[in-house]
Amino acid sequence: MAAPSLEAPRSTPYRRSTSRRSNYEMYSWLFMRLSGAVLVVLVIGHLFVNLMVGDGISGLDFGFVAGKWASPFWQVWDLAMLWLAMIHGSNGVRTIINDYAQRDMTRIVLKTLVLVALVFTVVLGTLVIFTFEPCPVGPDGAFLEGVPSFCTS
Amino acid sequence: MATETSTRSVVPQGTLYRGREGMWSWVAHRITGLLIFVFLLVHVLDTSLVRVAPEAYNAVIETYKNPVVGLGEAGLVGAVLFHAFNGIRVMLVDFWSQGPRFHRQMLWAVGALWVLLMVPFLVRHLSNVFGG
């Protein structure tokens, strides 16, 4: 009585799974949680320094922004916050559009608008942070009105 | 149906996302998220005026210094803090083994933390807005 033998499964050139979906939505889900955890620290820190410390919201003017962006620390902080918050927010709005906009065309148009706003805002904000001049001068070589006091001293 | 309900509590307790705390926190998370996103677009645009001229930026910021915008800012900070703490709650529900069990209690913790931070913030901010 010979032992029964089983053929090896025919696996190789054939895909047994019919699913060819990408993991895009899983990575999107994961990104929301990871970026959210970082944003909690970045945004609450941002609010605390700008609204609670010093003169609070009354102290906000060009000089306040110039004083912060004179330091690479706050440049990197705000750059990270800009990118993460914009991608996190756009992805959240994308989810909301997918949930409530029923017509294909409505979804395409709304999501295109979100993408345009995302690219425009991130590019603009990044350029502003990197090309910021705390002590801008006019064509005559004199400081513009409203520059912070540390420019002239 | 009758026998099915008799084995459970008559008052619906809700699930993670259907009904009661789980659902309403999800609704609030969406609304606050959308609100913050719209504000963020405006916030980056007006801050970009620092690249135009100091006086252009100061002129726009000056128009914000009134009680109506001041109250709006308070509401915005309230929305941000809720979204932040409820976001941590969502992460705990998803990644902590005991998260789904305690999701309702964690929403109360979110509320408590929110009140704890909003009180000192409102004292500071509203005295700035209304104190001149």
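Anyway, here's the lowdown on the structure attached to this text.

Cut-off values and rules
Residues numbered from 1 in each chain as written. Chains lettered and ligands numbered in written order. Predicted model: local features only at pLDDT ≥ 70, side-chain atom pairs only at ≥ 80, totals over all residues. Heavy atoms only, no water. Helix = DSSP H or I, 4+ residues; strand = E, 2+ residues; numbered from the N terminus. Rg over C-alpha atoms; globule rule 2.2 N^0.38 Å. Buried < 20%, exposed > 50% of the residue type's maximum accessible area, 1.4 Å probe, protein only. Core = buried A, V, L, I, M, F, W, Y, C linked by side-chain atoms within 4.5 Å. Contact = heavy atoms within 4.5 Å. Phe/Tyr/Trp six-rings, centres within 6.5 Å; stacked < 30°, edge-to-face > 60°. Lys NZ or Arg CZ within 6 Å of the ring centre and 35° of its normal. Axes fitted to C-alpha atoms, helices over the stretch in contact; angles between N-to-C directions. Parallel < 35°, antiparallel > 145°, perpendicular 65-115°, else oblique. Left-handed = near helix turned anticlockwise from the far one by under 90°. Nonpolar A, V, L, I, M, F, W, Y, C, P; charged D, E, K, R; others polar. Expected span 1.5 Å × (residues − 1). Polar contact = N/O pair within 3.5 Å; in protein donor to acceptor, adjacent residues only side chain to side chain.

Here we come to the overall build of chain A. Within chain A, the regular secondary structure consists of five helices and zero strands. Its helices and strands taken in sequence order, chain A reads α-α-α-α-α from the N to the C terminus. Scaling as 2.2 N^0.38, a compact globule of 153 residues should have a C-alpha radius of gyration of about 15 Å, whereas chain A reaches 26 Å, well beyond that. Taking all 153 residues of chain A together, 35% fall into the buried category.

This part takes up the nonpolar core. Ranked by internal contacts, the top residues of the largest apolar core, which has 27 residues, are Phe62(A), Trp69(A), Met86(A), Phe132(A), Val50(B) and Tyr57(B). Breaking this core down by element, the ones donating at least two residues are helix 1 (24–52), helix 2 (62–69), helix 3 (72–100) and helix 4 (104–131) of chain A together with helix 2 (20–47) and helix 3 (54–64) of chain B. With eight residues, the top contributor of residues to this core is helix 3 of chain A. Here Trp69(A) is in contact with Trp74(A), Gln75(A), Asp78(A), Val128(A), Ile129(A), Phe132(A), Thr47(B) and Val50(B), once residues within four sequence places are set aside. Counting residues in each nonpolar core, the second largest holds 18 residues, with Ile57(A), Leu60(A), Leu81(B) and Phe85(B) among its members.

A separate point is the packing of aromatic side chains. Within the structure shown, the criterion is met by seven aromatic pairs over all chains. A ring pair is formed by Trp29(A) and Phe95(B), whose centres lie 5.5 Å apart and whose planes are at 70°; its orientation type is edge-to-face. Taken together, the positions of Trp29(A) in helix 1 and Phe95(B) in helix 4 (residues 67–95) put the pair across two chains. Given the relative accessible area of 48%, Phe95(B) is considered partly exposed. Here Phe62(A) and Phe132(A) contribute two aromatic rings whose centre-to-centre distance is 5.7 Å and whose plane-to-plane angle is 45°, an arrangement assigned as tilted. Of this pair, Phe62(A) sits in helix 2 while Phe132(A) sits in the loop between helix 4 and helix 5 (149–152), and the two are 70 residues apart along the sequence. Neither Phe62(A) nor Phe132(A) differs from the other in exposure class; each is buried. Taken together, the aromatic side chains of Phe62(A), Trp69(A) and Phe132(A) make up a single cluster linked through ring pairs. The side chain of Lys68(A) reaches across the aromatic face of Trp74(A), ending 4.4 Å from its centre.

This part takes up the packing of helix 4 of chain B against helix 5 (residues 103–130) of chain B. All names here are of chain B. Relative orientation of the contacting elements helix 4 and helix 5 amounts to 155°, with a least axis distance of 9 Å. One way to sum up the angle between helix 4 and helix 5 is to call them roughly antiparallel. By crossing handedness, the relation of helix 4 to helix 5 is classed as right-handed. Looking at the contact of helix 4 with helix 5 residue by residue, the classes come out as 21 nonpolar, five polar and two charged.

Let us now look at helix 4 of chain B. Between its first and last C-alpha atoms helix 4 of chain B spans 42 Å; for 29 residues at 1.5 Å apiece the expected length is 42 Å, and the two agree. For helix 4 of chain B, the N-terminal capping position is held by Asn66(B), with its side-chain oxygen 3.1 Å away from the main-chain nitrogen of Val68(B).

Between the first and last C-alpha of helix 1 of chain A there are 40 Å, a value that for 29 residues agrees with the 42 Å anticipated at 1.5 Å per step. Looking one or two residues past helix 1 of chain A, Gly54(A) carries a phi angle of roughly 65°, positive in sign.

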